[in-house]
Each structure stands twice: as structure tokens, then as C-alpha cells.
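Architecture at a glance
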There are 2 protein chains.
Amino acid sequence: MTLNPEKLLNDFETGSKRALARLISLIENNGKLADDVRDALYQKSGRAYRIGFTGPPGAGKSTLVNQITKAYRQQGKTVGIIAVDPTSPFTGGALLGDRVRMNDLTLDDGVFIRSMATRGSLGGLSTKAQEVADILDAFGKDIIIYETVGVGQSELDIVEAADTTVVVLVPESGDSVQAMKAGLMEIADIFVMNKADREGADRAIRELSAILHLREARDWQPPIVKCVAVKQEGINDLLTAIDRHYCYLQEHHLLEEKRRERFVQSVHSLVSTRLKNEFWDERARRILEQHIAGLDQRKTSPYRAAQQLIDHFKQSLAKQ
Amino acid sequence: MTLNPEKLLNDFETGSKRALARLISLIENNGKLADDVRDALYQKSGRAYRIGFTGPPGAGKSTLVNQITKAYRQQGKTVGIIAVDPTSPFTGGALLGDRVRMNDLTLDDGVFIRSMATRGSLGGLSTKAQEVADILDAFGKDIIIYETVGVGQSELDIVEAADTTVVVLVPESGDSVQAMKAGLMEIADIFVMNKADREGADRAIRELSAILHLREARDWQPPIVKCVAVKQEGINDLLTAIDRHYCYLQEHHLLEEKRRERFVQSVHSLVSTRLKNEFWDERARRILEQHIAGLDQRKTSPYRAAQQLIDHFKQSLAKQ
């Protein structure tokens, strides 16, 4: 199939879900999409509200995303879901029951779900997920939801990518996820204590609340919302909390700031990827090989090799 | 205090622990150390054996590192420890006990312990930790131990940095760390089932063993070592397992390969850091500012900004 970007863009603008899916695939397969197309798409974006859901594996993030999506649909809002969680049913990782429950969403024309792999795209995930979000935004989605498991780098990526970050915990998220929680603690705009009908829920909420009050006072104090996502309990409270956070961001002009930060982050990432591609030409790879060959005789060091490589790069650019 | 690199290097070579500590601090404070000093230090390295300990929070990694260090000391070997566990005010409770336990090590002149922060040095941790390891290596340490919590990026960093990667688990590392374990599974050269006197230990070992046997056969099949680190049980078995892995690497010429891979990784990282520093000059920052200013009118995109910035960079390099 040959690619006609102009036709694709036209179809996209008339609301073709197929064109949308095709454009996203082109992004995911690493930039076979010309800069002017990306440019045009980006300039249509900037209207959607972006919500990130994160938390330890098994906290019920997908079920919650499912419920909140239905709630937004009932308000007449369209929703795009980007699942970057290796354990999520959206990404095909979990139980059959979950997948069945998801089916009613995929049948809804106002919902677009996209799974993205995390492994093998280290560091690049945030940029790609954001570009996909920009496209969903340009397509006219009112709400964009990221779902990602809260470990390591991804929890930092999601803060950059989202306007509101919801951290989902369960009563039994105990000692073993303590360190994860420590990181999650810092990034939450809203906490959800999911499966709140389980034993220990109230104690877990008290503990969490106590930890939050130990911190310095902040302008925005993250609320803790009790949910039982599988029973649709607490979903409206969560919606209200998200709305309140949206109003807070709006009032303090923080939405524009978040968009600016995302823009800067994307530029940095693009620059670094492109420079790297230009840097490692045939001659640079040969220089590196020579240094590797000198390694056993202890006749080189990374510092010396890096300097020589940079000198070569400058010389070859000067010749262009 | 003024810095005299020559004197520092001389002191370092006569075995001054103070000079060692000072050099490491210079590395950590981002390269106030001239390339020729780094060069000289690197060329003295390449003799130490590097062991990484990782695993979920609370698995008892520090206690295990403590015990294994003592065991190596009894063999007359010197040890450098680099602890890259994330530090958080929320996990502060566990620290005091560990510190007390570590005290007998810090009194030993054959042991050097260094903690490194992970927050705020994203992506750069591996390079810095490796440079510190290279210095400890050049100083003459026989064994270098990394300790890091096994979540996200750090678990991938440690594989690069270490010759042997030990993954520490406990019987109760259950469902909630399943996703983490999935990542840890792939990187382990040796598994330790710590706190093996607890209920469920044998079942956990059987499960782990079953998972390992489901994978394709590999040249090196990771053993599972039972330990109770606080009671010093299983430490000798762990030493034997590490020795066996060392022999395996030796026989298959994989040690040189690991050193080469680390070298390449360091060069890549240095190049990328230095290019970035040169890239973001006064004019580049102004270009970015202009694009940010055009953001509200939707008159720009990250793609357009990145291209303009790269064009500027090439022009300014050509003029040099």
C-alpha cells in the first residue's frame, strides 16, 4: 500500500478512524511521516484534557479507566486511551475477563484505544506516547487517558505527559511496593484507593493521609478518593476530583505551562534523536572500532574516544 | 581548597583513601575533572570483578551485600560498594538499621562504600556509577559491588555495569511485584531466595524454578541460592555460585566482551552529554523561546523547532 499523506490528512480531518489509526501506526514505526504532516497535526492539537492513571500492577487501573471512560461518554465527551502498561488488558497482558469487559468500549465509536509497547523503546516512550496523544487531540478527542504501571521511568514520563495524574492504590499495596509508592507519592494529583471494600482500606487511607500531611503544605493538596471500580462505586467522586484539579490548573494558568513543558521536552527529545542519527556515520563507527581494539592494551579511554568522535563530527559538519 | 590534579593522582596511587574519595566527589559533581586525569584513571582499571545486587525493596539486599563483603574480606580481597538505591523521605525508616549494620564495614580499611542518588540524574546514573566503579577498580579494589533497587531503568543499568547480576527475592515477593519480577527474570545470572526460613520459601523457589525452565535453554542456567542473610546462612553457597559464573564468563571470553560493551556505552553517553552542552548555546535557547512564544497561536510544532535548532547548530559548528 503506497502512502499518500495528503489523502490521509484529508480523511483524518473528515473524522476517519482508519486514517487516525494509520497515522498513529506511522508514528509508532518511527517517523516515516514527513515533518510537514506532523507539523500540521500538531497545530490542530491543544484542546484535549490529558489524564494519566498509574499505580502498582494489580491495582485495577484498567477497570477504573474503563469506568471513567464510560462516565465521560455519558457526558457526551469523546475519549482516547493510550495504554502503556505491560500488565494491562488493553495491551493484551491480562485475564480474559478483563478483555471481555473492555469489548463494550471498543464498540463505541467515540472511544479510541491504542496500546503501546514499553520494552525496547527505552526513553523514547514518552515522546511517542505524547505524539500519539497529540494526534488523538488533533482528531478532536475531548479526553485523553494514559494508563501506565507505576514503576521507574514510566511514572516520571506520565507526569510530563498528563495534565492530571491519578495514582491508583489498593489496601494491600503494602511493604513490598513501599519504594514504588514513595515515587508515586510525589507525582499524584489525585489518589484513588481502589478495592476500598476490602479489609484494611480505611487503615490504608489513614496511613496515606498521614504521610501526605507530613509533607510541606502545597497549593494543591491531593485528595484521596475511595473507589470499587468493579462495582462502579466512587466513579463520580473521581470525576469530581478530576474536575476540581482541572479548575485549579485553569485558575493558576498551569495548563498552558504544562503544554509548554511538553513542547520543550519534545523538542529536546527530537533534537537528541536526530543528532545521534547524524553523528554515527560510517567514519564515526570506524573510529569507535579502533578505540575498542586498543582497549585490551589499555591504550584508550571513553573520554579520549568521545573527544575524537566529536572532533570528527564537527569537521564533517563544517564540510557540509 | 584549590585542586591540584597531579598531587591528587599521586596520592591516589599511593593508596590514599582521601584522594579516592575526593576524586569520586569530583566525578559526582559533574566533571570538574580534566579529561587527561579521567583518561589516566581509566587506563589503570580493568582488573576488578563487578557484581550487581538488585531486587524489590525489602528483599534484604543491603544485609546480603554486607555479608558477602565480609566473606570476600576473609578471603583477603578488597571491596568497593556503590549503593544506588533511591533515597526517599518516605522510606527513611529502614535506613537507620542498615546504617548501624554497615558500621563494622566502614571501619574496615579494605572496604570503601559510596552512596549515589538516583533522583535528578535520570539516564546519567549508569555512566556515573560506572565511572565511580572504574576509579575504585583503578584504586585496586578486587571486587566492586553495586546495590540497586530493581525497578525500571536501574535494573537495565545494572546489567550493563556488572559482570554478574544477582537478583534477590523473598518468599513474599508475590503478585504485586510480578511485573517487576518479569523484568528481573531476564537479567539474573544468579537468584537468591533470601529470608528462606520464612513460610512459603520452598514453594516460591519451585515456582521460580518452573518459570526458569519454561524459557528456552541457555548456555548459563541461573541457579537459585537459598539464603538467610541476617543469620549468615547460604553466604558460602552464594560465593560459590558467583565463582562459577565468573569461570563461565572467563571460559567463554565474555568478560572482555562485557568490558567492551561498557566502553561503548560510556562513549555513547559522553558524546550525547557533550553534544547537548554545545548544542544549547545562547542563540539556541533564544530560538526555543521564540517557538514557545508562538505556541498559543498554534504557529509552531516540536518538529519545526527541532529542525530550525539543528540547522543553527550546524551553521555555528561550520563557523568554528
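Please read these numbers as outputs of a predicted model, since none were measured by experiment.

Calculation criteria
Residues numbered from 1 in each chain as written. Chains lettered and ligands numbered in written order. Predicted model: local features only at pLDDT ≥ 70, side-chain atom pairs only at ≥ 80, totals over all residues. Helix = DSSP H or I, 4+ residues; strand = E, 2+ residues; numbered from the N terminus. Buried ≥ 20, exposed ≤ 12 C-beta atoms within 10 Å, placed from the backbone. Domains from an automatic or database assignment. Nonpolar A, V, L, I, M, F, W, Y, C, P; charged D, E, K, R; others polar. Pairing = 2+ DSSP bridges. Axes fitted to C-alpha atoms, helices over the stretch in contact; angles between N-to-C directions. Contact = placed C-beta atoms within 7 Å. Right-handed = clockwise from strand over helix to strand, strands pointing away. Expected span 1.5 Å × (residues − 1). Arc of directions from axis to C-beta. Left-handed = near helix turned anticlockwise from the far one by under 90°.

Turning our attention to the overall build of chain A. Scanning chain A for helices and strands turns up 13 helices and 7 strands. In chain A, buried positions account for 43% of the 320 residues.

A word on the domain arrangement of chain A. Residue and element names in this part refer to chain A. Each assigned domain of chain A is listed with its residue range as follows: domain 1 (1–43), domain 2 (45–253) and domain 3 (280–319). Within the residue set of the side of domain 1 that touches domain 2, elements represented by two or more residues are helix H2 (17–28) and helix H3 (35–44). The element best represented in the side of domain 1 that touches domain 2 is H2, accounting for 6 residues. For the side of domain 1 that touches domain 2, the residue count by class is 7 nonpolar, no polar and 2 charged.

Residues and elements named next belong to chain B. Strand order in the open sheet formed by 7 strands is S3-S2-S4-S1-S5-S6-S7, with parallel pairing between adjacent strands. Because the sheet does not close on itself, it has two edges, and the strands there are strand S3 (111–115) and strand S7 (224–226). Here the strands of the sheet are splayed against their neighbours by 20 degrees on average, with no regard to which way each runs. Across 4 bridges, the pairing between strand S5 (residues 164–169) and strand S6 (residues 190–193) is parallel. If you follow Val167 over to S6, its bridge partner there is Phe191. Helix-sheet contacts for helix H4 (residues 61–74) involve strand S1 (49–55), strand S2 (79–83), S3, strand S4 (143–149), S5 and S6, and the interaxial angle to S4 is about 175 degrees.

Residue and element names in this part refer to chain A. Residue alternation in strand S6 (residues 190–193) divides its side chains into two sets, Ile190 and Val192 and Phe191 and Met193, and both sets are buried. With 3 bridges connecting them, S6 and strand S7 (residues 224–226) associate as parallel partners. When the sheet's bridge partners are listed, Met193 is paired in S7 with Lys226. At this point the chain moves from S6, through helix H9 (residues 201–214), to the parallel S7, and the crossover so formed is right-handed.

Right, let's get into helix H10 (residues 235–251) of chain B. All names here are of chain B. Over its 17 residues, H10 runs 24 Å from end to end, which matches the ideal 24 Å to within 8%, given 1.5 Å per residue. For H10, the full list of buried residues reads Leu238, Ala241, Ile242 and His245. All buried residues of H10 fall inside an arc of 100 degrees around its axis, so they share one side. Opposite its buried face, H10 presents the exposed residues Asn236, Thr240, Asp243, Cys247, Gln250 and Glu251, each directed more than 90 degrees away. The positive-phi residue at the C-terminal boundary of H10 is His253, with phi of around 55 degrees.

On to the packing of helix H11 (residues 254–279) of chain A against helix H11 (residues 254–279) of chain B. Interhelical geometry of H11(A) versus H11(B) gives an angle of 115 degrees and a closest axis separation of 11 Å. Seen along the crossing, H11(A) lies across H11(B) with a hand that is right-handed. Residues A:Val271, A:Ser272, A:Leu275, A:Lys276 and A:Phe279 of H11(A) pack against B:Val271, B:Ser272, B:Leu275, B:Lys276 and B:Phe279 of H11(B). Its residues assigned to classes, the contact of H11(A) with H11(B) comprises 6 nonpolar, 2 polar and 2 charged.

Phi is positive for A:Lys195, which is not a glycine, with a value near 55 degrees. Note on placement: A:Lys195 falls in the loop between S6 and H9. Positive phi, close to 55 degrees, is recorded for B:His253, a residue that is not glycine. Along the chain, B:His253 falls in the loop between H10 and H11.

A separate point is the sheet that holds S7(A). All names here are of chain A. Strand order across the open sheet formed by 7 strands is S3-S2-S4-S1-S5-S6-S7, with parallel pairing between neighbours. If you trace the sheet from one side to the other, it starts and ends with strand S3 (111–115) and S7, each paired once. Shown here is a sheet whose adjacent strand axes are inclined to one another by a mean of 20 degrees, direction ignored. As judged from the 5 bridges shared by strand S2 (residues 79–83) and strand S4 (residues 143–149), these two strands associate in the parallel manner. Note that in S4 the partner of Gly80 across the bridge is Ile144. Contacts from helix H4 (residues 61–74) reach strand S1 (49–55), S2, S3, S4, strand S5 (164–169) and S6 within the one sheet, and its direction differs from that of S4 by about 175 degrees. Each of S1, S5, S6 and S7 touches helix H10 (residues 235–251); the most contacted strand, S6, lies at about 170 degrees to it.

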